[in-house]
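So you can see what is in the structure, the chains are spelled out below.
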Amino acid sequence: MDDFKHCAYLDPILTRFENRSDYLVQILREAQDCFGYLHQDAIDYLATKLNLPRARVEGAASFYSFLHLQPPGRYRVLFSDNITDRMLGNQALMERFCRNLWVEPGKPAEDGLVSVDFTSCTGMCDQGPALLVNGHVLTRMSVERVDRISELIRGKVALTDWPHEYFVVADNIRRRDVLLGGDWQAGEPIRAALARGADGVLAEMKLSNLRGRGGAGFTTAVKWESARLAPCQGERAERYIVCNADEGEPGTFKDRVLLNSYADLLFDGMTVAGFAVGATKGLVYLRGEYRYLLPKLLANLERRRIDGLLGTTVCGQVGFDFDIEIHLGAGAYVCGEETALIESLEGKRGVPRVRPPFPVTRGYLGQPTVVNNVETLCKAATIALNGGAWFAGLGTKQSTGTKLISVSGDVEVPGIYEYPFGVSVDRVLNDCGAGNAQAVQISGASGVCLAVHEFGRRIAFEDVPTAGAFMVFGAHRDMFEVARNFSHFFAHESCGFCTPCRVGTALVAKLMDKVASGSGSQYDINEIVSLQRVMQAASHCGLGQAACNPVMDTLQKFRPAYERHLRALDFEPSFDLDESLATSRQLTGRDDSGAHFGQ
Amino acid sequence: MDAMDAVAVKPKVRVATTSLAGCFGCHMSFLDIDERLLELVELVEFDRSPLTDIKHCGPCDIGLIEGGVCNSENVHVLREFRKNCKVLIAIGACAINGGLPALRNSFDIGRCLQEVYLTGLNVENGQVPNDPELPLPLDQVHPIHEVVRIDYFIPGCPPSGDAIWKFLTDLLAGRTPRLGHPLLRFD
Ligand SMILES: Cc1cc2nc3c(=O)[nH]c(=O)nc-3n(C[C@H](O)[C@H](O)[C@H](O)COP(=O)(O)O)c2cc1C
Ligand code: SF4
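Basis of the calculations
- Residues numbered from 1 in each chain as written.
- Chains lettered and ligands numbered in written order.
- Predicted model: local features only at pLDDT ≥ 70, side-chain atom pairs only at ≥ 80, totals over all residues.
- Heavy atoms only, no water.
- Axes fitted to C-alpha atoms, helices over the stretch in contact; angles between N-to-C directions.
- Helix = DSSP H or I, 4+ residues; strand = E, 2+ residues; numbered from the N terminus.
- Parallel < 35°, antiparallel > 145°, perpendicular 65-115°, else oblique.
- Left-handed = near helix turned anticlockwise from the far one by under 90°.
- Contact = heavy atoms within 4.5 Å.
- Nonpolar A, V, L, I, M, F, W, Y, C, P; charged D, E, K, R; others polar.
- Buried area = accessible area lost by both parts, 1.4 Å probe.
- Salt bridge = Lys/Arg side-chain N within 4 Å of Asp/Glu carboxyl O.
- Polar contact = N/O pair within 3.5 Å; in protein donor to acceptor, adjacent residues only side chain to side chain.
- Pairing = 2+ DSSP bridges.
- Buried < 20%, exposed > 50% of the residue type's maximum accessible area, 1.4 Å probe, protein only.
- Near = heavy atom within 4 Å.
- Domains from an automatic or database assignment.
- Patch = residues over 30% accessible without salt bridge, like charges linked within 9 Å, V, L, I, M, F, W, Y side chains within 5 Å.
- Areas by Shrake-Rupley, 256 points an atom, 1.4 Å probe, with all protein chains shown as cover.
- Lys, Arg positive; Asp, Glu negative; His and termini not counted.
- Charge placed at Lys NZ, Arg CZ, Asp CG, Glu CD.
- Arc of directions from axis to C-beta.
- Core = buried A, V, L, I, M, F, W, Y, C linked by side-chain atoms within 4.5 Å.

1. A closer look at the packing of helix α18 (residues 499-516) of chain A against helix α19 (residues 522-538) of chain A
Residue and element names in this part refer to chain A. Where α18 contacts α19, the two axes come as close as 10 Å, and the packing angle between them is 160°. One finds that α18 runs roughly antiparallel with respect to α19. Crossing handedness for the pair α18 and α19: left-handed. Residues P500, G504, T505, L507, V508, L511, M512, K514 and V515 of α18 pack against D524, E527, I528, L531, V534, M535 and A538 of α19. Of the residues belonging to the contact of α18 with α19, the class tally is 11 nonpolar, two polar and three charged.

As structure tokens, this is what we get:
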């Protein structure tokens, strides 16, 4: 590889992205496709060509877990490790797979054929356990499938020749309300918006009282209006509509279904937003795990251009130009946070920005930018079409409209359920066939854990807000293990920028492991509680602030699940003291009492 | 006169200190409270400490531990302190994080011993010392809170004399010790 000229494959990529350093993440992602990793010389070459410090290029490459600076195996196998995958037995499957192929997790096989590891939730909770092989998602793993995949890899069969059914991702729509049940032609919402005029659309949006579906629940009309009023900056003065399709929150997969089967509605919504805000460009930030959707989405965009729904004079409206491009993420949950997402769109490490300024005044490339969730934008399209009053008539006073809920875990019928806001947890549990639930984790790892006595509560911003996840835990599950899984998720996904979160998430995960290994005490629980206080108060972004939520909730509601793991003693060391002398004992040949620890 | 009596009647707070895998820098910094030592000894008396040369710790109110845990003796001393001290304080980076000695954690202890005593340059007829009097090294250097419960931590490498003074006077006065930003700033 040493004499190899990296320019051969890098130049066409650079040309396609116009040598623009703000496309660095996309350039790196495509460059990696050549050899499965980014060679040091390729980093050098890109730094020179893009006129960036080398550290910027390597810094970005090392940030994203789907970008590699060392060669992984030719087949990179990642087992999705959300708690729902665990409940479906992913750990045993991974062990079996490793035994089949004689590999260890985290270490590429010596012959370079295969590497195996875990990855955070892949958004396939309704059809897990899931895998990613070289970035392609495989669902419904079983012993048979894992064995067959081992054989395919050993036989070096190309991924394109693997059984097609392994790659099937079903929508699993179980309950349709006005959004999923609607029947609209592509472009209809845009034409309705053009007829209303930009002010008219904003007025309808205000009337609808639509609130963001990505988690924070900010009023969408306020966002749009602020961006519309904010002045553009400098040369490339334009406004942007960004669709947050990062969907990284464990247990959430409703955006996946919208992107797969309602993409026209989403693109209509983005275009409507562009019209109302005065933006000329839309960007979709699609999580790397959903890469399999890319060809279909690109084809859809192409068709819309031909149909006049994108490009110049959209739908014949002179002066309204709007186009959409798709950026792929590369395996970083924090990039769902809107300012980290913008950093990533600009080709940098996904580290959240200091706010203010908010994206609506200074977002992508310093310009006024609206960041909205996929579902929010789909809803906006229906509002443009049917009006704000129609939408406000659904749901509750402060939570108008419907909500898509991603149901997974111990239920008979996992999948997507659309309800008007205000639906009770009980009702959802009934509809999905959750027999003996002891808990529901709502809105993902950073959401809330509800116990049986709270099942009467309602899903709405007034009561239990949600970004859409609904993970059900049957009576036989250990809620401590649920929280421990989430604590590792946050430790893995912390971007490392601020100390309370970088160190705090690691310490909490370590303490949870200590309790799990049977050497925990009340002291360790107190430690977790005091760490939580620091992290919640001092973390830079929502990730660190929410990282202890699942632990605190389960500690409060399932304390015995923790106490079962504790030793009755006041304190236990976090490692085996006597074992830590073993090497020294062996080398000195000693076995006297001084060479051991009594209790 | 009353004040003198009151001090005389009130039993002094007993303090023990030790240095485990540390460099005695924290103890030196402790001495940097200078003339305030005289004020301190009005309030406390020292039990086991390098300052007194008392070899074993009796019942104490406060124990100050410098350094991390790198060998079996460290563990025994630390356990003795925990058993006898109502309040145990980790002082300095090594006690809190393992510090400089923990840099050896990326090396295998067995291979270190072999290289130093058996296979290294200029070693002839080497032998790994095995006298039972000698403490055995642990395979890793640990912060002290991984071995016993620790109540307070004074960060710094070393913490300044002022920081130690502030911490101890807070503690003796019954206030939750609080080092403000100037005392926690190291650059
Ligand atoms: C750590 C973190 C992760 C997030 N992940 C997502 C996500 O995956 N998808 C999403 O739509 N919003 C996510 N958000 C919320 C976004 O920051 C932002 O509020 C949202 O995209 C705004 O869109 P909305 O108003 O339409 O909800 C996340 C926030 C944080 C703090
Ligand atoms: S809270 Fe965590 S994820 Fe957010 S900026 Fe700090 S380190 Fe990064």
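2. A few points about the interface of chain B and chain A
In this complex, chain B contributes 25 residues to the contact, which on the side of chain A involves 22 residues. Counting the surface lost from both chain B and chain A, the interface buries some 2100 Å², and carbon and sulfur atoms represent 62% of this. When the area that chain B buries against chain A is broken down by residue, the three leading residues are L136, E146 and R149 of chain B, summing to 30%. Joining chain B to chain A, the criterion identifies one salt bridge. Applying the counting criterion to the chain B and chain A interface returns eight residue pairs in polar contact (both at pLDDT 80 or more). Secondary structure elements with two or more residues in the side of chain B that touches chain A: α4 (72-84), α6 (109-119) and β6 (137-142) of chain B. Class assignment of the residues belonging to the side of chain B that touches chain A gives a composition of 13 nonpolar, seven polar and five charged.

3. Examining the sheet that holds strand β3 (residues 131-133) of chain A
Residue and element names in this part refer to chain A. In space, the four strands of this open sheet follow the order β2-β1-β3-β4, with mixed pairing throughout. Every other strand in the sheet has two partners, leaving β2 (114-119) and β4 (136-138) as the edge strands with one partner each. On average, each strand axis in the sheet is inclined to that of its neighbour by 25°, with strand direction left out of account. Two elements, strand β1 (residues 75-80) and β3, share three bridges in a ladder whose sense is antiparallel.

4. Structural notes on the environment of D53 of chain B
Residues and elements named next belong to chain B. Checked against the element boundaries, D53 lands in the loop between β2 (44-46) and β3 (60-66). Considering only alpha carbons, one finds D53 and P158, 105 residues apart in sequence, at a separation of 22 Å. Of note is the side chain of D53, whose polar atom sits 3.0 Å from the side chain of K55.

5. Re the side chain of E454 of chain A
Examined against the element boundaries, E454 of chain A turns out to sit in the loop between β13 (448-451) and β14 (469-474). Not counting residues up to four positions away in its chain, the partners in contact with E454 of chain A are C449 and K557 of chain A.

6. Considerations on the pairing of strand β10 (residues 402-409) of chain A
Residue and element names in this part refer to chain A. Of all the eight residues making up β10, seven are buried; the element is thus mostly covered by neighbouring parts of the structure. With six bridges joining them, β10 and strand β11 (residues 415-420) adopt antiparallel strand pairing. Paired with I405 across the two strands is Y417, which belongs to β11. Both β10 and β14 contribute to a ladder of four bridges, which runs parallel. Within the sheet, the bridge partner assigned to V407 lies in β14 and is F470.

7. Looking at the site of ligand 2
Taken together, 13 residues surround ligand 2, and among them C495, F497, C498, C501 and C541 of chain A come closest. Partitioning the shell around ligand 2 into residue classes produces eight nonpolar, five polar and no charged.

8. Notes on the domain arrangement of chain A
Looking at the assigned domains, one finds that chain A contains domain 1 (2-63), domain 2 (75-170), domain 3 (175-392), domain 4 (402-475) and domain 5 (478-599). Using only C-alpha atoms to locate each centre, domain 1 of chain A and domain 4 of chain A end up separated by 44 Å.

9. Quick look at a nonpolar patch on the surface
A contiguous nonpolar surface patch, about 350 Å² in accessible area, is contributed by F24, M28, L31 and L51 of chain B. Mapped onto the secondary structure, L31 of chain B falls in helix α2 (residues 25-31).

10. Brief notes about a negative patch on the surface
Together, D32, D34, E35, E39 and E42 of chain B give the surface a local cluster of negative charge. In this fold, D34 of chain B is placed in the loop between α2 and α3 (36-43).

11. Brief notes about helix α3 (residues 40-50) of chain A
Residue and element names in this part refer to chain A. Turning to α3, its buried residues number three or more, namely A42, I43, L46, A47 and L50. The buried residues of α3 all sit within an arc of 135° when viewed along its axis, so they share a single face. Tucked into the core, α3 has its buried residues touching α1 (7-16), α2 (24-32) and α4 (54-63). The first or second residue beyond α3 is N51, which carries a positive phi of 60°.

12. Digging into the pattern of salt bridges
Evaluation of the coordinates by the stated rule reveals 57 salt bridges over all chains. E104 of chain A serves as the salt-bridge partner of K107 of chain A, at 3.4 Å between the closest nitrogen and oxygen. Relative accessible area serves as the criterion here: at 48%, K107 of chain A is assigned to the partly exposed category. Using a relative accessible area of 46% as the deciding quantity, one classes E104 of chain A as partly exposed. With a shortest N-O distance of 2.9 Å, D162 of chain B and R36 of chain B are connected by a salt bridge. With D162 of chain B in helix α7 (residues 161-173) and R36 of chain B in helix α3, the pair connects residues that are 126 residues apart, well separated along the chain. Several salt bridges share partner residues, and in doing so they unite R213, K254, D255, E375, K379 and K403 of chain A into one network.

13. Quick notes on the nonpolar core
Generally speaking, soluble globular proteins have nonpolar side chains that are buried together. In terms of nonpolar packing, the biggest core is built from 145 residues, with W224 and M270 of chain A touching the most fellow members. Tallying contributions element by element places helix α11 (residues 263-277) of chain A first for this core, with 10 residues. Not counting residues within four places of it along the chain, the set of residues in contact with M270 of chain A comprises I241, C243, G282, L283, V284, F322, I324 and L377 of chain A. Judged by nonpolar contacts, the second largest core, of 26 residues, contains V77, F81, V147 and V148 of chain B.

14. Considering the pairing of β11 of chain A
Residue and element names in this part refer to chain A. Of all the six residues making up β11, five are buried; the element is thus mostly covered by neighbouring parts of the structure. Inspection of the sheet shows strand β5 (residues 173-175) paired to β11 by two bridges, in the parallel sense. From the neighbouring strand, I173 faces β11, where its bridge partner is I416.

15. Regarding the packing of α11 of chain A against helix α12 (residues 294-306) of chain A
Residue and element names in this part refer to chain A. Here α11 crosses α12 at 55°, and the two axes come no closer than 11 Å. Classified by the angle between their axes, α11 and α12 sit oblique to one another. The two elements α11 and α12 meet at a crossing, and its hand is right-handed. Contacts between α11 and α12 pair A263, D264, F267, D268 and T271 from the former with L297, N300, L301, R303 and R304 from the latter. Its residues placed into classes, the contact of α11 with α12 shows four nonpolar, two polar and four charged.

16. Looking at the site of ligand 1
All names here are of chain A. Among the 18 residues in the neighbourhood of ligand 1, the closest are listed as G214, N244, N372, N373 and T376. For ligand 1, a nitrogen atom lies 3.2 Å from a polar atom in the backbone of G336. At 2.9 Å, a side-chain N or O of N372 approaches an oxygen atom of ligand 1. At the level of secondary structure, the elements contributing two or more residues to the shell around ligand 1 comprise β9 (369-373) and α20 (542-546). Here the element with the most residues in the shell around ligand 1 is β9; it accounts for three residues. Split by residue class, the shell around ligand 1 holds three nonpolar, nine polar and six charged.

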